Amino acid sequence: KGPKMLLQQVPEAKTSKNRLHLDLHVADVDGEAARLEAVGAVRVRKVDEFGISWVAMHDPEGNEFCVVPS
């Protein structure tokens, strides 16, 4: 089973060059977030919404992505 891509329209106007946001679905959110920090990502915040928790992060260039439970 390969990666899935979901395209979703957002109400905000484009404010910067990068409008792509990735959600990485993993079995161990905290473990994967720690692994990503070790290779240069930055943990921004923990989010608790819709009955689930995930971690918002930035890559080394400042692009946001999320690590979410699979």
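Before reading further, recall that the structure is shown in the block above.
Reading the values: the criteria
- Residue positions are given per chain, counting from 1 as you read along its sequence in written order.
- The predicted nature of this model means local features are confined to residues of pLDDT at least 70 and side-chain atom pairs, given and counted, to a pLDDT of 80 or more, with totals for whole chains, interfaces and linings taken over all residues.
- By convention in this description, side-chain values take in all heavy atoms of the structure and omit both hydrogens and water.
- Secondary structure counts use DSSP, requiring at least four H or I residues in a row for a helix and at least two E residues in a row for a strand, with both numbered from the N terminus.
- In this scheme, a residue with accessible area under 20% of its type's maximum is buried, one over 50% is exposed, and one in between is partly exposed, where area comes from a 1.4 Å probe on protein chains only.
- Each accessible area is a Shrake-Rupley result for a 1.4 Å probe, and residues are judged covered by the shown protein chains and nothing else.
- Here, nonpolar core refers to any group of buried Ala, Val, Leu, Ile, Met, Phe, Trp, Tyr and Cys residues whose side-chain atoms link them within 4.5 Å.
- A contact between two residues is defined here by any heavy atoms of the two lying within 4.5 Å.
- Only strands that DSSP links by at least two bridges are regarded as paired with each other.
- Here, axes are lines fitted to C-alpha atoms. For helices the fit covers the stretch in contact, and angles between N-to-C directions go from 0 to 180 degrees.

## Describing the overall build of the protein chain
For the protein chain, the count of helices and strands is one helix and four strands. For the protein chain, the succession of helices and strands along the chain, N to C, is β-α-β-β-β. Relative to its full complement of 70 residues, the protein chain shows a buried share of 21%. Of the roughly 5700 Å² of accessible surface on the protein chain, 55% is carried by carbon and sulfur atoms.

## Considering the nonpolar core
Val26, Val29, Ala33, Leu36, Ala41, Val55, Met57, Phe65 and Val67 form the largest nonpolar core, which has nine residues in total. Broken down by secondary-structure element, the contributors of at least two residues to this core are α1 (29–38), β3 (52–58) and β4 (64–69). For this core, the element with the most residues is α1, which contributes three residues. Setting aside anything within four residues of it in sequence, one finds Val29 in contact with Trp54, Val55, Val67, Val68 and Pro69.

## Let's talk about the sheet that holds strand β1 (residues 22–26)
An order of β1-β4-β3-β2 is seen for the four strands of this open sheet, with the pairing classed as mixed. Strands at the two margins of the open sheet, each flanked by one partner only, are β1 and β2 (42–49). Between one strand axis and the next, the sheet turns through 25° on average, direction left out of account. As defined by bridge partners, β2 adjoins β3 across seven bridges and the pair is classed as antiparallel. Of the residues in β3, the one forming a bridge with Val47 is Trp54. Strand contacts of α1: β1, β2, β3 and β4, with the helix running at about 5° to β3, the strand carrying the most contacts.

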